[in-house]
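The primary structure of each chain is shown beneath.
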Amino acid sequence: MLSKSSFSTFFIFVIFMFQACEDVIYSPKPRGFPKVEYPEKNYIPFEATYCDFTFERPSYSFIQQDTLFFEDKPSHPCWFDVFIPQFDARIHCSYYPIDEINSFDKLTNDAFVMANKHNLKANFIDDLVIRKPNGVGGIVFNIEGPVASSFQFYLSDTTSHFFRGALYFNTQARPDSLKPVIEFVKTDIMHMINTFEWENAN
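Residues numbered from 1 in each chain as written. Predicted model: local features only at pLDDT ≥ 70, side-chain atom pairs only at ≥ 80, totals over all residues. Heavy atoms only, no water.

Just to check I follow, could you spell out the overall build of the chain for this structure?
In terms of regular secondary structure, the chain is built from three helices and 11 strands. Mapped from its N terminus to its C terminus, the chain presents α and β elements in the order α-β-β-β-β-β-β-α-β-β-β-β-α-β. Scored against the burial criterion, the 202 residues of the chain give a buried share of 37%. Of the roughly 13100 Å² that the chain leaves accessible, carbon and sulfur atoms contribute 57%. (Helix = DSSP H or I, 4+ residues; strand = E, 2+ residues; numbered from the N terminus. Buried < 20%, exposed > 50% of the residue type's maximum accessible area, 1.4 Å probe, protein only. Areas by Shrake-Rupley, 256 points an atom, 1.4 Å probe, with all protein chains shown as cover.)

Now the structure itself:
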């Protein structure tokens, strides 16, 4: 049985405990992001019999040919993804032969429309014109802000071939956390563009 002095000491201790609990202020921990391991830059040839062009792709990527497009067959066999598993990122790629149905003006306009769909959330869109001496030209769309696709482009010879690409990540758009990864993959896409060649160029 507790003596009066022991009871008083215990009572005072309990009061201090309650006061200490009341003074504690809890604040949420800042959001943490997993550390990203960047692979060493290295490139290998893109070789696909179903496409009429070549380029160099990251060695840490995989080519996945599209077999369905909204439950239908793609317009051309040369529709594929350049998949980078380290970042769960995909460069969606599609090819159209220029003809009476798909004219150069129509395909170019479609590319601008698809890039401008991000205008509602984009901070700004920067267009970079591509002109290469091997008959490859086009535009790169650098889209800043919380958008689904921050980097898009098209390449064409204006008479026979039209190729379009768009970068997507399988995650919620968070520009601050994704920015270093986006910049890393942008370098890979620009290498693809700089090494891009039509196989049967005139």
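I keep staring at helix α2 (residues 104-116) and nothing clicks. Help me out?
Because each turn of an α-helix spans 3.6 residues, side chains separated by three or four positions in sequence point in the same direction. The first and last C-alpha atoms of α2 sit 18 Å apart over 13 residues, in line with the 18 Å expected at 1.5 Å per residue. Along α2, the residues that are buried comprise Leu107, Thr108, Ala111 and Ala115. One side of α2 carries all its buried residues, which in axial view fall inside an arc of 100°. Where α2 is buried, its residues contact β6 (89-97), β7 (124-131), β8 (137-144), β9 (151-156) and β10 (161-169). (Expected span 1.5 Å × (residues − 1). Arc of directions from axis to C-beta. Contact = heavy atoms within 4.5 Å.)

Help me out: how do you make sense of the environment of Phe184 in this one?
Structurally, the position occupied by Phe184 is in helix α3 (residues 175-194). What makes Phe184 buried here is its relative accessible area of 13%. Expressed as a C-alpha distance, the spacing of Phe184 and Pro39, which sit 145 residues apart in the sequence, is 9.8 Å. Excluding anything up to four places from it in sequence, Phe184 contacts Tyr38, Pro39, Lys41, Tyr60 and Phe87.

Would you take a moment to explain the state of the cysteines for this structure?
What is meant by a disulfide is a covalent connection between two cysteines, made through their sulfur atoms. Taken as a whole and assessed by the stated rule, the structure comprises one disulfide. A sulfur-sulfur distance of 2.0 Å marks the disulfide that ties Cys51 to Cys78. Since a negative S-S torsion denotes a left-handed disulfide, the Cys51-Cys78 link at about 100° is right-handed. You can see Cys51 sitting in the loop between β1 (43-45) and β2 (53-54) and its partner Cys78 sitting in the loop between β4 (62-65) and β5 (80-84), a full 27 residues away along the chain. Side by side, Cys51 and Cys78 carry an identical accessibility label, which is buried. Looking at Cys93, it has no disulfide partner, and the nearest cysteine sulfur is the one in Cys78, 8.2 Å off. (Disulfide = S-S within 2.5 Å.)

Help me understand the nonpolar core in this model?
Within soluble globular proteins, side chains that are nonpolar tend to cluster in buried spots. With 34 residues, the main nonpolar core has Phe53, Phe80, Phe163 and Phe169 as its most contacted residues. The element contributing the most residues to this core is α3, with eight residues. Not counting chain neighbours up to four residues away, the residues in contact with Phe169 comprise Phe87, Asp88, Ala89, Ala148, Leu178, Val181, Ile182 and Val185. (Core = buried A, V, L, I, M, F, W, Y, C linked by side-chain atoms within 4.5 Å.)

So what exactly am I meant to see when it comes to the packing of aromatic side chains here?
Two aromatic rings, taken as a pair, are described by how far apart their centres are and by the angle between their planes. According to the stated counting rule, one finds 24 aromatic pairs in the structure shown. Seen from their ring centres, Tyr38 and Phe184 are 5.1 Å apart, and the 40° between their planes marks the pair as tilted. With Tyr38 in the loop between α1 (4-23) and β1 and Phe184 in helix α3, this residue pair connects regions lying 146 residues apart in the sequence. Here Tyr38 falls in the partly exposed class, since its relative accessible area comes to 38%. Clustering of aromatic rings is evident, with ring pairs tying together Phe46, Phe53, Phe55, Phe80, Tyr95, Phe153, Phe163, Phe196 and Trp198. Above the plane of the ring of Phe184 lies Lys41, whose end atom (NZ or CZ) is 3.5 Å from the centre. Geometry around Phe83 places Arg90 over its ring, the cationic atom sitting 4.2 Å from the centre. (Phe/Tyr/Trp six-rings, centres within 6.5 Å; stacked < 30°, edge-to-face > 60°. Lys NZ or Arg CZ within 6 Å of the ring centre and 35° of its normal.)

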